[in-house]
Amino acid sequence: MDYKEFKLPSSFCVAPWIHAHVGADGNRRLCCIAKEAPAGFAKLQYSEFKNSAYLRNIKKLMLEGVTPKECHYCDNINRTDVYRDELNKEYAHHIEDIVKSTSEDGYSESKIKFIDYRSNLCNLKCRTCSPSCSSTFNRNIRSQPEDISRLLFQHDFGTDEKEISDFFSLNYAPEMLNLIDTNEIDRIYFAGGEPVIEPNHIPFLQKLVADGRSSQTRLFYNTNLSFAQRQIERWTSVLQNFTDVHIFVSVDGYGEICEYIRDGVDFEKLKTNIDYLISNFNFNVSLDITLTSLNLFYLEDFSNFAIKHNVKVVSKLMIGQDDSFPLLRAEAIPQIQKSMIIKRWNS
């Protein structure tokens, strides 16, 4: 079924009805690329959030043809991969029920199908990241009060690492289990931070297996895969119980350029870990590269690595960080140099 058959306005997105998301900073959003909910709603439990005045208004606006201000990334004319379109296509078979069951004031009792809850616990300090998404980044800035990074991120500095970790463990980890028990979850996306090293992660997977949900639940990961072999073995020993697993390995270049962008990576160990996943399991493994002004000139070795391993590549541009890192965005490269890159790849 094509969701466009419903002739809904272009502002419509299923996310407020079928998706629950919490960012690595602990704040609720409509999805991972939306702006965070207002202060009075960002930290609500989902049971309070789902029919809050804020979310009811979002639903009303979408059905009336008005794009909420939180959703401007999906209206960016330069984007070819629009998340709103992806979700609408995937969950098109629910749209009719969603529309019919939503009252005029936006109230709805639709079930959640897709959850994406994140912690900021992370073992890397990527140059394209921020303190709210990496505990290592956060810790580093806090230890260097005069660091220019602290000035850049004064709007995104937040609480200390332990407080964020405790908040996730006490609030959102139990909520994820409750959503699984009371809804019709068929897709879970794990990102971070680094989801695999989050203390609640493997017990959560084990609970899904014990409850007989491993054949019904699709798992999607975005991971840096830069941790010890024993951790990977423990993780994959549980993952093998699931029938549909997609792993996107964040690799923003090959060799030294990857180590520079993704501060803390040992690229030789990362290659070993990628080989281990590809050689020993039937997971759907892809390399996930964020295209920036730092790596666009060094993609040949990265591409050859992907071809050699016969692994799919998924690429994306930076979003957010407009104020902090404008020069890291691919758009910052002068047009003459962009033309040189295109000419080189076309030759």
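Preceding this section is the structure that the text describes.
Residues numbered from 1 in each chain as written. Predicted model: local features only at pLDDT ≥ 70, side-chain atom pairs only at ≥ 80, totals over all residues. Heavy atoms only, no water.

1. What to know about the overall build of the protein chain
Applicable threshold: Note on conventions: DSSP H or I runs of at least 4 residues are helices, E runs of at least 2 residues are strands, and numbering of each starts at the N terminus. Only protein chains enter the area calculation, which uses a 1.4 Å probe; residues under 20% of their type maximum are buried, those over 50% are exposed, and those in between are partly exposed. Whether two residues are in contact is decided by their heavy atoms: any pair within 4.5 Å suffices. In short, Shrake-Rupley with a 1.4 Å probe defines the accessible areas, and a residue's cover is counted only from the protein chains shown.
Along the backbone of the protein chain there are 15 helices and 10 strands. Buried residues in the protein chain amount to 51% of all 347 residues. Sequence-distant contacts in the protein chain: of pairs separated by 6 or more residues, those separated by 24 or more amount to 72%. Working note: accessible area of the protein chain is about 16900 Å², and carbon and sulfur atoms make up 51% of it.

2. Quick notes on the packing of helix α11 (residues 229–239) against helix α13 (residues 267–280)
Definition in use: Throughout, an axis means a line fitted to C-alpha atoms (over the contacting stretch in the case of helices), and angles, computed between N-to-C directions, take values from 0 to 180 degrees. Relative orientations are named as follows: roughly parallel for angles under 35 degrees, roughly antiparallel for angles over 145 degrees, roughly perpendicular for angles from 65 to 115 degrees, and oblique for any other angle. A clockwise turn of the near helix away from the far one marks a right-handed crossing, whereas an anticlockwise turn of less than a right angle marks a left-handed crossing. Classification convention: Asp, Glu, Lys, Arg as charged; Ala, Val, Leu, Ile, Met, Phe, Trp, Tyr, Cys, Pro as nonpolar; all other residues, Gly among them, as polar.
Taken N-terminus to C-terminus, the directions of α11 and α13 make an angle of 25°; their axes are 11 Å apart at the nearest point. The angle between α11 and α13 falls in the class roughly parallel. Two packed elements cross with a definite hand, and for α11 against α13 that hand is right-handed. Side by side, α11 and α13 meet where Gln229, Ile232, Glu233 and Thr236 of the first sit next to Asn273, Tyr276 and Leu277 of the second. Residues that form the contact of α11 with α13 fall into these classes: three nonpolar, three polar and one charged.

3. Re the sheet that holds strand β1 (residues 19–22)
Which entries qualify depends on this criterion: Strands pair, by our definition, only if DSSP identifies at least two bridges between them.
What the eight strands build is an open sheet, ordered β2-β1-β3-β5-β6-β7-β9-β10; its pairing is mixed. Edge strands, defined here as strands with exactly one partner in the open sheet, are β2 (28–29) and β10 (312–317). Examined bridge by bridge, β1 and β2 share two bridges and lie antiparallel to one another. Directly across from Val22, in β2, lies its bridge partner Arg28. Docked against the sheet, α11 engages β6 (218–223) and β7 (245–250), running at close to 160° with respect to β6.

4. Quick look at the pattern of salt bridges
Put simply, the test is: Salt bridge, as used here, is a side-chain nitrogen of Lys or Arg placed within 4 Å of a carboxyl oxygen of Asp or Glu.
According to the stated counting rule, one finds 22 salt bridges in the structure shown. The partner of Arg218 in a salt bridge is Asp186, and the shortest N-O contact between them spans 3.3 Å. With a gap of 32 residues between them, Arg218 in strand β6 and Asp186 in the loop between α9 (161–182) and β5 (187–190) connect regions that are remote in the sequence. The residue Arg329 makes a salt bridge to Glu331 at a minimum N-O spacing of 3.6 Å. Relative accessible area serves as the criterion here: at 41%, Glu331 is assigned to the partly exposed category. Among the ionic contacts, a cluster of salt bridges with common partners joins Glu86, Glu90, Asp186, Arg187 and Arg218.

5. Concerning the side chain of Arg118
What counts, and what does not: Counting of polar contacts relies on pairs of N or O atoms within 3.5 Å, with two restrictions inside protein: one atom must be capable of donating a hydrogen and the other of accepting it, and residues adjacent in sequence are counted only when both atoms are side-chain atoms.
Tracing the backbone through its elements, the reader meets Arg118 in the loop between β3 (114–117) and β4 (125–126). In terms of polar contacts, Arg118 uses its side chain to reach the side chain of Asp116, at 2.9 Å.

6. With respect to the packing of aromatic side chains
What counts here: Stacked, edge-to-face and tilted are the three classes for Phe, Tyr and Trp ring pairs, Trp counted by its six-membered ring, which pair at centre distances within 6.5 Å; planes under 30 degrees apart are stacked, over 60 edge-to-face, the rest tilted. To sit over a ring, a charge needs its Lys NZ or Arg CZ within 6 Å of the ring centre and within 35 degrees of the ring normal.
In total, this model carries 14 aromatic pairs according to the counting rule given. Ring centres of Phe281 and Phe283 lie 5.0 Å apart, and the angle between their planes is 10°; this geometry places the pair in the stacked category. Classification of Phe281 as buried rests on a relative accessible area of 13%. Among the aromatic residues, those joined into a cluster by ring pairs are Phe190, Phe204, Tyr221, Phe227 and Trp235. Positioned over the ring face of Phe220 is Arg187, at 4.8 Å from the centre of the ring.

7. Considering the pairing of β6
Taken residue by residue, a regular strand's side chains alternate between the two faces of the sheet. Using the following cut-off: Note on handedness: a crossover is taken as right-handed if, strands pointing away from the viewer, the path from the first strand over the helix to the second is clockwise.
Of all six residues making up β6, five are buried, and the element is well covered by its neighbours. Both β5 and β6 contribute to a ladder of four bridges, which runs parallel. Note on β6: the bridge partner recorded for Ile188 is Leu219. One crossover worth recording links β5 to the parallel β6 by way of helix α10 (residues 201–210), and it is right-handed. The pairing of β6 with β7 spans five bridges and is parallel. Considered in β7, the bridge of Asn222 is made with Phe248.

8. Digging into the environment of Phe49
Of note, Phe49 is situated in helix α3 (residues 46–49). Sequence separation between Phe49 and Arg28 is 21 residues; the distance between their C-alpha atoms is 8.9 Å. In this structure Phe49 touches Arg28, Ala37, Phe41, Leu44, Tyr54 and Leu55, once residues within four positions along its chain are discounted.

9. Thoughts on α13
For clarity, the cut-off: In this analysis, the expected span of each helix is defined as 1.5 Å times one less than the number of residues it contains. Of all possible arcs, the one meant is that of the directions from the helix axis to the C-beta atoms.
Across its 14 residues, α13 extends 20 Å between first and last C-alpha, which sits within 8% of the 20 Å expected from 1.5 Å per residue. By the burial criterion, the buried members of α13 are Phe267, Leu270, Lys271, Asn273, Ile274 and Leu277. Seen end-on, α13 carries its buried residues on one side only, within an arc spanning 165°. More than 90 degrees from the buried face of α13, the exposed residues found are Lys269 and Ser279. Buried residues belonging to α13 abut α11, β7, α12 (256–261), β9 (284–291) and α14 (299–308). Put simply, Asp266 is the residue that caps the front of α13, since its side-chain oxygen is 3.2 Å from the backbone nitrogen of Glu268.

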